[in-house]
Amino acid sequence: MSASDSTSPAAPVSGAWKEGDPVGERRFADLGDLRLENGAVLPGVRLAYETWGELDESKSNAVLVLHALTGDAHVLGEAGPGQATPGWWPQIVGPGRIIDTETHYVVAVNVLGGCQGSTGPSSPAPDGAPWGSRFPVVSTRDQVRAEARLAELLGVEVWSLVIGASLGGHRAIEWAVSFPDRLARLIVVASGAQTTAEQAAWAHTQIRAIELDPAWRGGDYHLEAEGPTRGLALARQIAHTTYRSPAELDTRFGRLPQREEDPLHGGRLAVESYLDYHGEKIVRRFDAGSYVALSRSMLSHDIGRDRGGVKEALARVTAQTLVIAVDSDRLFYPEQVWQMADGIKGAYYREIHSDHGHDGFLIEGDQLTALLDEFLRHRIPSRASMFAP
């Protein structure tokens, strides 16, 4: 697969779900107007979501699962019409899994600003045209407030568990700070309480990769013949490099050329081909405008904003909490994850050992299951033994 594949005429203008596409397993909730943290009002907010299991009579078995940057609400299930990819966490969520859909009411939401049915840059504004460049900046706090409205519509007064990883972990910790009385347990995986300067730098370069694509058109490309697929593909390649560890890339690819290609004659190394492949995949299932919008929400993520700082904000958390890092993560370094756990009264901290970097939370299903089992079944050791010395 060559680098030019992601820019071929067959690439869609946007990989977003559109009105008229097959619905798949999606459900939709219309939430009305939402006043945003920056003072703007986003009218006619809609969230797409999926559910598994049933809410019990005591309403005590609800679990909220929050996805990462380019994830969606399809946590469990096959790919099919209207749903380009299979569920992204079947090792963790499903019948008989640690988050058991036979005993829990599991809800997964496509984040506000996303592109799989929730209000975002590719969805229709009140005038019927795509939001595009008019879509406002939404923060993690805005996204959680929208999800809180959805919980009310679903009849969920208190979540038994809120769990999120990466960008979903941003929303999980924000849930615990904004609505401490509305969740009993919290699990944050490979995430942080505020975006660091390095994380902001990575997000910035990805945003700029998209904005510098001539087809970006300031964000108003959805009705054009060509979308910013080159920029989106490059942004994903930058991101994917941060999702994997240097050791894994060296072990898998080293200095190997891609098949018969010779770098001395313009050919690619195998690692270049690998990144090209992931760039090609993203343009067929995601929207560049949503990628920018969600990256901007990451830039603004800070649970301590207007709350006296991170320490004061973390002190608000009352949920029983487990915080998990990946030891080879170079996007959310374990030290940052540990600092968040250390600020939450009674929180537990654990690490996944993985050679795969940040994506270890998706790959190391057995380890993650064991850690969740310890926590959810109250088999976890004392707090003192959980923290790194």
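What counts, and at which threshold
- Residues numbered from 1 in each chain as written.
- Predicted model: local features only at pLDDT ≥ 70, side-chain atom pairs only at ≥ 80, totals over all residues.
- Heavy atoms only, no water.
- Pairing = 2+ DSSP bridges.
- Helix = DSSP H or I, 4+ residues; strand = E, 2+ residues; numbered from the N terminus.
- Axes fitted to C-alpha atoms, helices over the stretch in contact; angles between N-to-C directions.
- Contact = heavy atoms within 4.5 Å.
- Expected span 1.5 Å × (residues − 1).
- Buried < 20%, exposed > 50% of the residue type's maximum accessible area, 1.4 Å probe, protein only.
- UniProt positions renumbered as here; feature names shortened; annotations may be inferred.
- Salt bridge = Lys/Arg side-chain N within 4 Å of Asp/Glu carboxyl O.
- Core = buried A, V, L, I, M, F, W, Y, C linked by side-chain atoms within 4.5 Å.
- Polar contact = N/O pair within 3.5 Å; in protein donor to acceptor, adjacent residues only side chain to side chain.

1. A short note on the sheet that holds strand β10 (residues 348–352)
An order of β1-β2-β6-β3-β7-β8-β9-β10 is seen for the 8 strands of this open sheet, with the pairing classed as mixed. Two strands bound the open sheet, and with one partner strand each, they are β1 (27–35) and β10. Averaged over all adjacent pairs, the angle separating strand axes in this sheet is 20 degrees, with direction ignored. Relative to the sheet, helix α1 (residues 140–154) contacts β1, β2 (41–52), β3 (62–66) and β6 (105–109), its axis offset from that of β1 by approximately 125 degrees. The sheet contacts of helix α11 (residues 365–376) involve β7 (161–165), β8 (185–189), β9 (320–326) and β10, and relative to β9 the element is tilted by about 160 degrees.

2. A look at α11
Owing to its 3.6 residues per turn, the α-helix aligns residues three or four sequence positions apart on the same side. Look at α11: 16 Å from first C-alpha to last across 12 residues, which is about the 16 Å you get at 1.5 Å a residue. Here α11 has its buried residues at Gly365, Leu368, Leu371, Leu372, Asp373, Glu374, Phe375 and Leu376. Looking at the buried residues of α11, the elements they touch are β7, β8, β9, β10 and α10 (360–363). Remark: histidine 378 follows α11 within two positions and exhibits a positive phi of approximately 60 degrees.

3. What to know about the pairing of β1
In the sheet, β1 pairs with β2 via 7 bridges, with the strands oriented antiparallel. The partner of arginine 35 across the bridge, within β2, is valine 41. Count of turn residues in the β1/β2 antiparallel hairpin: 5 residues, of which glycine 39 carries a positive phi of about 100 degrees.

4. Considering the environment of tyrosine 221
Note on placement: tyrosine 221 falls in the loop between α3 (197–211) and α4 (229–243). For tyrosine 221, a relative accessible area of 0% corresponds to the buried category. Sequence-wise, tyrosine 221 and serine 14 are 207 residues apart; in three dimensions their C-alpha atoms are separated by 8.9 Å. Excluding its chain neighbours within four sequence positions, the residues that come into contact with tyrosine 221 are Val13, Ala215, Trp216, Glu226, Gly227, Pro228, Asp287, Ala288 and Gly289.

5. Concerning the UniProt feature "domain: AB hydrolase-1" (unreviewed entry) in the protein
Following the UniProt record, the feature "domain: AB hydrolase-1" (unreviewed entry) maps to residues 62–356 here. Secondary structure over residues 62–356 splits into 35% helix and 12% strand, and the C-alpha atoms at its two ends are 31 Å apart.

6. Let's talk about the pattern of salt bridges
Counted under the stated rule, the structure contains 21 salt bridges. In this structure, arginine 141 engages glutamate 37 in a salt bridge whose closest nitrogen and oxygen atoms are separated by 3.4 Å. Of this pair, arginine 141 sits in helix α1 while glutamate 37 sits in the loop between β1 and β2, placing them 104 residues apart in sequence. Using a relative accessible area of 12% as the deciding quantity, one classes arginine 141 as buried. What makes glutamate 37 partly exposed here is its relative accessible area of 32%. Linking glutamate 261 and arginine 268 is a salt bridge whose minimum nitrogen-to-oxygen distance equals 3.0 Å. On the accessibility criterion, glutamate 261 (26% relative accessible area) is partly exposed. Within this structure, Glu37, Arg141, Glu174, Arg305 and Arg307 form a network of salt bridges that share partners.

7. Here we look at the UniProt feature "binding site: substrate" (unreviewed entry) in the protein
The feature "binding site: substrate" (unreviewed entry), as given by UniProt, occupies Arg236 and Asp359 in the numbering adopted here. Spanning 124 residues, the named residues form one tight spatial group whose C-alpha atoms are at most 13.8 Å apart. The exposure class of arginine 236 is buried, given its relative accessible area of 11%. The residues touching arginine 236, leaving out its near neighbours within four places in the chain, are Thr70, Tyr243, His278, Gly279, Ile282, Arg285 and Tyr291. Within the secondary structure, aspartate 359 sits in the loop between β10 and α10. Excluding anything up to four places from it in sequence, aspartate 359 contacts His240, Tyr243 and Arg244.

8. Here's the deal with the nonpolar core
Ranked by size, the top nonpolar core spans 78 residues in total, and within it Trp159, Ile173, Trp175 and Leu186 carry the most contacts. Not counting residues within four places of it along the chain, the set of residues in contact with tryptophan 175 comprises Leu64, Leu66, Val144, Glu147, Ala148, Ala151, Trp159, Val162, Pro180, Arg182 and Leu183. Listed in part, the 32 residues of the second largest apolar core include Val65, Leu76, Trp88 and Trp89.

9. As for helix α7 (residues 288–299)
With 12 residues, α7 ought to run about 16 Å at 1.5 Å a step, and its terminal C-alpha atoms sit 16 Å apart, in line with that. Counting buried positions over the 12 residues of α7 gives 10, a clear majority of the element. The inward-facing, buried residues of α7 contact α1, α2 (167–178), α3 and α4. Of the residues that open α7, the one with a side-chain oxygen 3.0 Å from the backbone nitrogen of glycine 289 is aspartate 287.

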